[in-house]
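Here is what each chain is made of, one letter per residue.
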Amino acid sequence: MTQLDRLRARVCAANRRLPAEGLTVLTWGNVSALDRESGLMVIKPSGIPYPELTPESMVIVDAAGRVVEGRCRPSSDTATHLALYGRFPAIGSIVHTHSPWATVWAQLGRPIPPLGTTHADDFGGEIPCSRPMTLEEIRQDYEANTGRVIAEALSGRDFSRHFAVLVRGHGPFVWDTVPEKAVEKAVALEFVAMEAWRCLVADPALPPLDGALLNRHFLRKHGADAYYGQKCRADQETSPAIWKGAT
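A brief report on the enclosed structure follows. (Residues numbered from 1 in each chain as written. Predicted model: local features only at pLDDT ≥ 70, side-chain atom pairs only at ≥ 80, totals over all residues. Heavy atoms only, no water.)

### Observations concerning the nonpolar core
Note the following rule: What makes a nonpolar core is a set of buried Ala, Val, Leu, Ile, Met, Phe, Trp, Tyr and Cys residues whose side-chain atoms join them at distances within 4.5 Å. Think of it in three bands: with a 1.4 Å probe and only protein chains considered, a residue is buried below 20% of the maximum accessible area for its type, exposed above 50%, and partly exposed in between. Strands are runs of DSSP state E lasting at least two residues, helices are runs of H or I lasting at least four, and both sets are numbered from the N terminus onward.
In terms of nonpolar packing, the biggest core is built from 59 residues, with I91, I112, F123, I127, L166, W175 and L189 touching the most fellow members. Ranked by the residues each element gives to this core, the list is headed by helix α7 (residues 179-202), at nine residues.

Take a look at the structure:
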């Protein structure tokens, strides 16, 4: 089995987790992963029901979005994924869903504030929401422009602390180094989106979590001196101490 074959199997398994985790319904959403050695991306085929997905049905495209291998058309969000891989070398896998709670925040055009340590465990600050897209951006190169407004939403922020952006009026895009971790981040995002909404309904004036406490929880999992989890597990490369290569 080649490296790309193994990646196809992992991307397929990650996609099939989305409905199982309550992150999507019907054929909405997709997971991709990039093999940076070859520069090829593996992504879910467009419009195929999740139970019907197989490793062989995953589509392999090059950096220009041309199909290299696969019988189906790739996800309609392919250009968005490629734009993010091209912009952020630290990203190895991307998840896009229409998960209910995160999508509510996206449709409202509001960032998700860090209100507690549950948020801080996986996200090092507020989860930003992108600006509205212009008419020209929507009419021409819409999917690629979606990737560009996601990157713009991260401008001026410490990329090592951010694993997600809400696309205004659309839904969340989440990432990590490998498909398994990217799906976990999508699960965490949906959970903190729900918690934040319920907290602000109860107390609209609730302030964000104290910065020192937020940093403590985030860095114990993601910092150079992280001590959460085990060093003995074979999949340690899936949870690096800190993002590298971000530009």
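There's plenty left to go through after this.
### Observations concerning the pattern of salt bridges
Rule in force here: Salt bridge criterion: a side-chain nitrogen from Lys or Arg within 4 Å of a carboxyl oxygen from Asp or Glu.
Going through the model one piece at a time under the given rule, you end up with eleven salt bridges. The salt bridge involving E21 is made with R17; its shortest N-O contact spans 3.0 Å. According to the relative accessible area criterion, E21 is partly exposed, its value standing at 37%. For R17, a relative accessible area of 27% corresponds to the partly exposed category. Among the salt bridges present, the one from D62 reaches R66, with a minimum N-O distance of 2.9 Å. Here R66 falls in the exposed class, since its relative accessible area comes to 55%.

### With respect to the sheet that holds strand β5 (residues 93-96)
Selection criterion: Strand pairing follows a simple DSSP-based rule, namely that at least 2 bridges must link the two strands. Note on method: axes are straight lines fitted to C-alpha atoms, helices fitted across the in-contact stretch only, with angles between N-to-C directions ranging 0 to 180 degrees. We call two residues in contact when some of their heavy atoms are within 4.5 Å.
With antiparallel pairing, seven strands are arranged side by side in an open sheet as β4-β3-β2-β1-β5-β7-β6. Unpaired on one side and paired on the other, β4 (67-69) and β6 (164-167) mark the two borders of the sheet. Sheet twist, expressed as the mean angle between neighbouring strand axes with direction ignored, is 25 degrees. Where strand β1 (residues 30-35) lies against β5, four bridges are found, and the strand directions are antiparallel. In the strand pairing of β5, V31 is matched with V95. The strands that helix α6 (residues 142-153) touches are β6 and β7 (171-176); relative to β6, the one it contacts most, it runs at about 125 degrees.

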